[in-house]
Amino acid sequence: MMIIHRYITLIIISMLPLCSHAEEADSTGRFEFGMQYDTELQTNFHGDCNFLNLLRLDGSVRLSENMRFNISTLSIAHANGNIASDLQTFSNLVTDESIPLTIAVAGIEWTLGSASKSRSTSESASKFFIGVRNTGEDYFASDVTAFYVNSSNGIFPTISANYPIATYPYASMSLHYEYDSKYWGTKATIYNGEGHYRLAGKDNVFRICPKSDGVFVMAQGELKLRGKGEEVKGNRAEHGGVVPSPHQSSTSSIFFGGSLYKDSPTLWTYAEYNIGEWSTSKSRSKSPSSLKSPSKSSLSLIAAYSHCFEKEALCRNFVGVGAKLDSPLRLSHSGESIEFGLFSDYADYSFGHEYATELSCRIPLCKHLSVKPSLHYINGTTEKGLFGLVRMTMVF
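Residues numbered from 1 in each chain as written. Predicted model: local features only at pLDDT ≥ 70, side-chain atom pairs only at ≥ 80, totals over all residues. Heavy atoms only, no water.

We now examine the nonpolar core. If you look at the biggest cluster of nonpolar residues, it comprises 27 residues, and the most contacted ones within it are Phe-140, Ile-159 and Phe-216. For this core, the secondary-structure elements that each account for two or more residues are strand 8 (215-224), strand 10 (252-261), strand 11 (264-279), strand 13 (296-308), strand 14 (315-326) and strand 16 (339-349). Beyond its immediate stretch of four places on either side in the chain, Phe-216 contacts Ile-159, Tyr-163, Ile-165, Thr-189, Ile-190, Tyr-191, Gly-193, Ser-259, Leu-260 and Tyr-261. With 11 residues, the next largest nonpolar core counts Leu-54, Ile-76, Ile-99 and Ala-104 among its residues. (Core = buried A, V, L, I, M, F, W, Y, C linked by side-chain atoms within 4.5 Å. Buried < 20%, exposed > 50% of the residue type's maximum accessible area, 1.4 Å probe, protein only. Helix = DSSP H or I, 4+ residues; strand = E, 2+ residues; numbered from the N terminus. Contact = heavy atoms within 4.5 Å.)

As structure tokens, this is what we get:
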């Protein structure tokens, strides 16, 4: 275990000089580097603790005007075993074992249209990708769902619990396509039916064996609806998947998604409704207070449902509701709002059930560092109790 911790520390130290020049590299567009390090302390409030570390390194090399080679690696370390036997896994960093190094993304990306030149939403854009890929790169990553730390918000258990697919920390060979325009978009991905994390051996991330592993397919269609006073930043509706384009600011969305593994289909839907933004007066006090009020705040509501049609599915139904608040509070030296989120869900399994409620808060300390305390109440067949965690995230 100490070797893994030293390995992660060494990578962080060696990557800092590269990440410090990331903006300069991006100005030319030839090379791009990025790093995210998450460290998390968990407790069950009865003396048991778990310490987790996740390091993600991102790199991209421009091969031509429209083509890039992208690679992302993950390094995961556990100090202790899991402290909860919950069915949904209350922390999305938890894995079955420590993984010194694995690949989340590795392949060629080819873009056409505005995606290869600018981020303008007035033009259409297409993107192709072939190579190793994780489902979380393209699906279940909207602004609201990405805020919560429970694993069910990263991918619904009606999918992750039923199929051995390329969900974190696993990945598999894939063929991905997406099209994005001002009013609508679509995306679809074909994965090798089983995900892996090893880089060598029979079960590795580069494995392509549809005869024994099967094929896993996810697809999405998207319809974007105008909001008042906005261009494409208002209401949006999506069919077949879940991810708004990262360069667009979506306020309200309805998502319909579908996946197919062998002969077993799963459907899901969830809606994110932004009640609206409101302005608050800035603090005029000249006192050296560490808290100040930004000019805007917003509140988003979310509701989700998913069903697996496989008769012998491990998880058959999932339903959840929640809210996320971009509060009028921020630290004086941080330009971001302090965020609060509440989410409660129910998962129906073939052998039992589980209710889970999460209350989280994200506090940005500076441009590169944030802290997220989170409280979880679990009531299910295999676990019942209160759990807490504190996660620190460093991004370059």
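A word on the packing of aromatic side chains. Summed over all chains, the structure comprises 16 aromatic pairs. The interplanar angle of 45° and the centroid separation of 6.3 Å between the aromatic rings of Tyr-163 and Phe-216 together place this pair among those described as tilted. Of the two residues, Tyr-163 is situated in the loop between helix 4 (157-160) and strand 6 (172-180) and Phe-216 in strand 8; the sequence distance between them amounts to 53 residues. In this pair, the class of Tyr-163 matches that of Phe-216, namely buried. (Phe/Tyr/Trp six-rings, centres within 6.5 Å; stacked < 30°, edge-to-face > 60°.)

Right, let's talk about unusual backbone geometry for a bit. In this chain, Tyr-168 is followed by Pro-169 through a cis amide linkage whose omega measures 5°. Topologically, Pro-169 is positioned in the loop between helix 4 and strand 6. Look at Phe-45: it is not a glycine, yet its phi comes out positive at around 65°. Locating Phe-45 in the fold gives a position in the loop between strand 1 (31-43) and strand 2 (49-62).

Taken as a whole, the chain shows an average pLDDT of 81; of its residues, 78% reach a score of 70 or greater. In the model, residues 118-122 has pLDDT below 50 throughout and makes 10 contacts with residues more than four positions away in sequence or in other chains. Below a pLDDT of 50 lies the segment residues 228-250, which in the model reaches 89 contacts outside its immediate sequence neighbourhood of four places, other chains included. (pLDDT = per-residue confidence, 0-100.)

A separate point is the pattern of salt bridges. Per the counting criterion, the structure on display carries 14 salt bridges. With a shortest N-O distance of 3.2 Å, Asp-348 and Arg-316 are connected by a salt bridge. With a gap of 32 residues between them, Asp-348 in strand 16 and Arg-316 in strand 14 connect regions that are remote in the sequence. Judged by its relative accessible area of 15%, Asp-348 falls in the buried class. With relative accessibility at 29%, the residue Arg-316 sits in the partly exposed group. Beyond isolated ion pairs, a larger network of salt bridges with shared partners links Lys-324, Asp-326, Glu-336, Glu-339 and Arg-362. (Salt bridge = Lys/Arg side-chain N within 4 Å of Asp/Glu carboxyl O.)

So, about the environment of Leu-301. By the element assignment, Leu-301 lies in strand 13. Between the alpha carbons of Leu-301 and Val-321 there is a distance of 7.7 Å; along the sequence they are 20 residues apart. Among all residues touching Leu-301, those that are not within four sequence positions of it are Ala-271, Glu-272, Tyr-273, Ile-275, Gly-322 and Ala-323.

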